[in-house]
Amino acid sequence: MRGQGRRADPLGRPPLLLLAPAALAVFVLVVPLVALLAAIDWRALPGQLNSAPLRSALWLSLTTSTAAMLVCLVLGLPTAWLLARVEFRGRTFVRVLVTVPMVLPPVVAGVALRTAFGRTGLLGEPLLAATGFAFPFTAWGVVLAHVFVSMPFVVLAIEGSLRSADPEYDAAAATLGATRWTTFRRITIPLALPGIMAGMVLGWARSLGEFGATITFNGNYPGTTQTMPTLIYVTRQSDQDAALALSFVMLVVSVAVLLLLRDRWLGTP
């Protein structure tokens with residue numbers, strides 16, 4: 001209806017003391033992205049994006065990140081359910097252990113992976129002796145690194161969603177004779193599905209951008225372990241324009257992920 005605008009805030013105008021630092025925060029976050037876009041040679045961009053190394057690294061990044069998320073779903077969903085719905089001694093400690101990779105420096109994560117799963121590692125050496133297979137310097141090693149750094153994001157997001165789903169539905173199903181497994185499949189999962197999907201998308205994005213643990217654990221071998229972040233790192237040392245083009249691809253993917261998550265975390269107007 002004409003003449004009706006947005007409702008006035010009943011609390012009054014936001015104070016300048018809060019608006020000024022908020023505006024500065026947005027400025028600090030946006031300027032680097034604008035500078036990145038401004039520095040790109042748009043005329044040369046199509047040729048740079050058509051390069052064989054980019055296609056190889058992008059394909060490896062997409063496939064390993066997707067494989068890592070399937071692993072995170074199989075392992076992370078039961079872990080999140082355990083933390084959200086089951087009371088047991090040491091639950092807080094388990095949650096801390098699950099969260100540690102989220103705050104661990106990426107290089108340290110790579111060193112830890114090599115110590116555990118390297119050819120002479122705690123688990124890697126007997127695995128190599130028994131099967132002849134070793135994780136380092138393989139695409140499976142990339143998947144393992146992605147799982148290690150992304151699992152906490154998936155578990156915490158799903159756990160939050162499970163906690164927000166009313167447990168009374170589970171109790172009602174139990175009174176009707178449903179087993180806990182049936183309740184999990186037919187009640188808990190459908191109620192928490194939006195959060196599960198959000199956790200998977202967030203974990204996938206974290207996996208796609210993983211650099212430190214991947215290069216420390218697997219090296220940077222084109223076609224085998226060279227993902228988009230590692231390709232950008234080595235390309236920047238020899239061709240700044242090509243590195244900008246590669247960074248543009250990652251920026252587009254990141255924005256796409258945020259659009260997928262907008263209903264979950266960004267809100268809707």
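Before reading on, note that the structure itself is shown above.
Overview of the structure.

Here is what the cut-offs are and how they apply
Residues numbered from 1 in each chain as written. Predicted model: local features only at pLDDT ≥ 70, side-chain atom pairs only at ≥ 80, totals over all residues. Heavy atoms only, no water. Helix = DSSP H or I, 4+ residues; strand = E, 2+ residues; numbered from the N terminus. Contact = heavy atoms within 4.5 Å. Lys, Arg positive; Asp, Glu negative; His and termini not counted. Charge placed at Lys NZ, Arg CZ, Asp CG, Glu CD. Patch = residues over 30% accessible without salt bridge, like charges linked within 9 Å, V, L, I, M, F, W, Y side chains within 5 Å. Areas by Shrake-Rupley, 256 points an atom, 1.4 Å probe, with all protein chains shown as cover. Salt bridge = Lys/Arg side-chain N within 4 Å of Asp/Glu carboxyl O. Buried < 20%, exposed > 50% of the residue type's maximum accessible area, 1.4 Å probe, protein only. Phe/Tyr/Trp six-rings, centres within 6.5 Å; stacked < 30°, edge-to-face > 60°. Axes fitted to C-alpha atoms, helices over the stretch in contact; angles between N-to-C directions. Parallel < 35°, antiparallel > 145°, perpendicular 65-115°, else oblique. Left-handed = near helix turned anticlockwise from the far one by under 90°. Expected span 1.5 Å × (residues − 1). Bend = angle between axes of the 7 residues up to and from the residue. Polar contact = N/O pair within 3.5 Å; in protein donor to acceptor, adjacent residues only side chain to side chain.

Before going further, it helps to examine the overall build of the protein. When helices and strands are tallied, the protein shows 13 helices and zero strands. Secondary structure elements in the protein, listed N-terminal to C-terminal, are α-α-α-α-α-α-α-α-α-α-α-α-α. When the backbone C-alpha atoms are referred to their principal axes, the protein occupies close to 65 × 60 × 30 Å. A separation of at least 24 residues holds for 74% of the contacts in the protein among residues at least 6 apart in sequence. In the protein, 20 side chains carry a positive charge and 12 a negative one; their mean positions are 3 Å apart.

Okay, unusual backbone geometry next. The phi torsion at Phe137 lies on the positive side, around 65 degrees, for a residue other than glycine. Tracing the backbone through its elements, the reader meets Phe137 in the loop between α6 (124-131) and α7 (139-164).

With that settled, consider a nonpolar patch on the surface. A cluster of nonpolar side chains, contributed by Leu24, Phe27, Val28 and Val31, occupies part of the molecular surface with about 380 Å² of accessible area. Positionally, Leu24 belongs in helix α1 (residues 16-39). For Leu24, a relative accessible area of 51% gives the class exposed.

If you walk through the whole model with that rule in mind, you get seven aromatic pairs. For the ring pair Trp42 and Phe248, a centre distance of 5.3 Å and an interplane angle of 85 degrees mean the geometry is edge-to-face. Pair noted here: Trp42 is in the loop between α1 and α2 (45-49) and Phe248 is in helix α12 (residues 240-260), with a separation of 206 residues, a long-range link. For Phe248, a relative accessible area of 18% corresponds to the buried category.

Further remarks concern the packing of helix α3 (residues 52-85) against helix α9 (residues 180-208). It is the contact of α3 with α9, at a shortest axis distance of 8 Å, that shows an interaxial angle of 135 degrees. Here α3 is positioned oblique relative to α9, judged by the angle of their axes. As for the relative orientation of α3 and α9, their crossing is right-handed in sense. Here Ser61, Leu62, Ser65, Thr66, Ala68, Met69, Leu70, Leu73, Leu77, Trp81 and Arg85 of α3 come into contact with α9, specifically with Arg180, Phe184, Thr188, Ile189, Ile196, Met200, Gly203, Trp204, Ser207 and Leu208.

Helix length check: α3, at 34 residues, gives a terminal C-alpha distance of 48 Å against a target of 50 Å (1.5 Å per residue), a fit within 8%. Considering bend angle alone, the principal kink of α3 is centred on Gly76 and spans about 35 degrees; proline Pro78 follows within four residues of it.

A few words on the packing of α3 against α7. In a pair of packed helices, the angle between the axes and the distance between the axes together describe the arrangement. For the pair α3 and α7, interaxial distance at closest approach is 6 Å and the crossing angle is 40 degrees. Regarding the angle of α3 to α7, the classification is oblique. Between α3 and α7 lies a crossing whose hand is right-handed.

Inspection of the secondary structure assignment puts Cys72 in helix α3. Residues contacting Cys72, with those up to four places away along its chain left out, are Leu77, Val147, Ser150, Met151 and Val154.

With that settled, the discussion passes to the environment of Val253. Within the secondary structure layout, Val253 lies in helix α12. Taking the C-alpha atoms as reference, Val253 lies 9.9 Å from Gly209; in sequence the two are 44 residues apart. Discounting residues that sit within four places of it in the chain, Val253 has contacts with Trp204 and Leu208.

Turning our eyes to something else, we now look at the pattern of salt bridges. Pairing between side chains becomes possible if they bear opposite charge and their charged atoms approach one another. For the structure shown, the criterion picks out four salt bridges. Note that Arg95 and Glu159 form a salt bridge whose closest N and O atoms lie 2.7 Å from each other. Placement of the pair is Arg95 in helix α4 (residues 91-103) and Glu159 in helix α7, with a sequence separation of 64 residues. On the basis of relative accessibility, which here comes to 4%, the residue Glu159 falls in the buried class. Here Glu159 ties to Arg163 by a salt bridge, and the two come within 3.0 Å at their closest N and O atoms. Here Glu159 pairs with Arg163, and both are found in helix α7, just four residues apart, close to one helical turn.

Mapped onto the secondary structure, Ser161 falls in helix α7. According to the relative accessible area criterion, Ser161 is buried, its value standing at 3%. Among the polar contacts made by the side chain of Ser161, one reaches the main-chain carbonyl oxygen of Ala192 at a distance of 3.1 Å.

Looking now at the side chain of Thr188. Tracing the chain through its elements places Thr188 in helix α9. A residue is classified by how much of its surface remains accessible, and Thr188, at 1% relative accessible area, is buried. Residues within four places of Thr188 in sequence aside, it is in contact with Trp81, Arg85, Leu162, Asp170 and Thr183.

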